[in-house]
Structures are given as C-alpha cells and as structure tokens.
Amino acid sequence: MKNLGGNIKSLRNFMRKDPGVSGDGQRIEQLGWLLFLKILDASDRDKSFSCNYSY
C-alpha cells in the first residue's frame, strides 16, 4: 500500500460527491470497511498461494 494517506484522501474526496453518503461519520465507517476487506482479501490470497494441495 504505497502512499496510503494519498489514497485515503482521494477516496474521501470521491465519497464527498456521493449523494448516498451523508457526513464524515458515515465516510469513516465505509473507509474502515473498505480497508478491512482489502487487507482480508490480501491475506486470503497469500494463504491460498502458500497451501499445497495433494490428491
């Protein structure tokens, strides 16, 4: 995750234009979920590459 602060700032600016997102509290909650899911996806990919399946 290079330049995490810059990515968050650009996402925040993008989300400010979304009429379905009202307020900083909702934006922070959604950004938290996005980061959580991104990290979870990356860790799942790392685990799937390290597993050796033998039948």
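Reading the values: the criteria
Residues numbered from 1 in each chain as written. Predicted model: local features only at pLDDT ≥ 70, side-chain atom pairs only at ≥ 80, totals over all residues. Heavy atoms only, no water. Helix = DSSP H or I, 4+ residues; strand = E, 2+ residues; numbered from the N terminus. Buried < 20%, exposed > 50% of the residue type's maximum accessible area, 1.4 Å probe, protein only. Contact = heavy atoms within 4.5 Å. Polar contact = N/O pair within 3.5 Å; in protein donor to acceptor, adjacent residues only side chain to side chain.

**Brief notes about the overall build of the chain**
Point 1. The number of helices and strands found in the chain is two helices and zero strands.
Point 2. Counting only residues that meet the buried cut, the chain has 7% of its 55 residues in that class.

**What to know about the environment of Met 15**
Point 1. Relative to the helices and strands, Met 15 resides in helix H1 (residues 4-16).
Point 2. Taking the C-alpha atoms as reference, Met 15 lies 9.4 Å from Leu 31; in sequence the two are 16 residues apart.
Point 3. Residues contacting Met 15, with those up to four places away along its chain left out, are Val 21, Arg 27, Gln 30 and Leu 31.

**Points about the side chain of Arg 27**
Point 1. Along the chain, the position of Arg 27 falls in helix H2 (residues 24-50).
Point 2. Engagement of the side chain of Arg 27 in a polar contact is seen with the side chain of Asp 24, the distance being 2.5 Å.
Point 3. Those residues in contact with Arg 27, other than ones at most four positions away along the chain, are Arg 12, Met 15, Arg 16 and Val 21.

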